[in-house]
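# Commentary on secondary and tertiary structure
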Amino acid sequence: MLNFLKENSNNILKLCVNQIAMTIFALLLSAASFSNNTLKLVCGLLSILFYIYLLYTAGWDIGARDKIKIDGGRMQPMKFKGIYLGISANAVNFILILVAIFCYFIAIGFELQWAANTTAICSLIAWLLNGMYIAIISFANIPGVNFELIKLILLLIAIVLSVLATQLAYTAGLKNFKLFAYPGSRKN
């Protein structure tokens, strides 16, 4: 695993930088559209779609570069490399959300203040790292269920879907399948 992280540190860093840049962009959009629910919904959807596009282009580029290495015999194929990259890039997100959910249940079951504080801190940091999902998930309010727990679970699902999007893009790059045609590129 350490070998994988060392060999792919630049790719993981690229995915992390995309996430941070998209978070800043999405937080600015959310702040600008805060008072209008329709505009907030549209901006939230556009933020998520743009983030998925960034994931796709990064994953596709990695897959296309690996295809050249595999075809030249300099690399063995890794079927789930996109998933490994996505999990590595989102490791902090997974840890924060899982700790927050665990501490949430401890705080509810045992009424411990430190667990409630840990949940709040981990949730805040996770939301600051994943601002592209804030606008959409803020609409998911189910009566009778704690909104904080719903937000954490939905955020966890969104991050898992982003990992799967990275795998899909990596596989498309390996197969040289282009979902988007760029100016000057040939279509399949």
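Quick look at the structure, then. (Residues numbered from 1 in each chain as written. Predicted model: local features only at pLDDT ≥ 70, side-chain atom pairs only at ≥ 80, totals over all residues. Heavy atoms only, no water.)

### What to know about the overall build of the protein
A tally of regular secondary structure across the protein gives 8 helices and 0 strands. Shown N-terminal to C-terminal, the secondary structure of the protein runs as helices and strands in the order α-α-α-α-α-α-α-α. Along the longest, intermediate and shortest principal axes, the C-alpha atoms of the protein span 60 × 40 × 25 Å. Relative to its full complement of 188 residues, the protein shows a buried share of 40%. Contacts in the protein between residues at least 24 apart in sequence constitute 74% of all its contacts with a sequence separation of at least 6. Mean positive and mean negative side-chain charge positions of the protein (14 and 6 charges, respectively) differ by 12 Å. (Helix = DSSP H or I, 4+ residues; strand = E, 2+ residues; numbered from the N terminus. Buried < 20%, exposed > 50% of the residue type's maximum accessible area, 1.4 Å probe, protein only. Contact = heavy atoms within 4.5 Å. Lys, Arg positive; Asp, Glu negative; His and termini not counted. Charge placed at Lys NZ, Arg CZ, Asp CG, Glu CD.)

### A closer look at the nonpolar core
With 33 residues, the main nonpolar core has L15, Y51, L85, I97, M132, Y133 and L155 as its most contacted residues. Of all elements in the fold, only α2 (9-32), α3 (37-71), α4 (81-89), α5 (91-110), α6 (113-129) and α8 (147-174) reach the threshold of two or more residues within this core. Broken down by element, this core gets its largest block of residues, 7 residues, from α8. Membership of the second largest hydrophobic core comes to 5 residues, among which are Y56, W60, A64 and A169. (Core = buried A, V, L, I, M, F, W, Y, C linked by side-chain atoms within 4.5 Å.)

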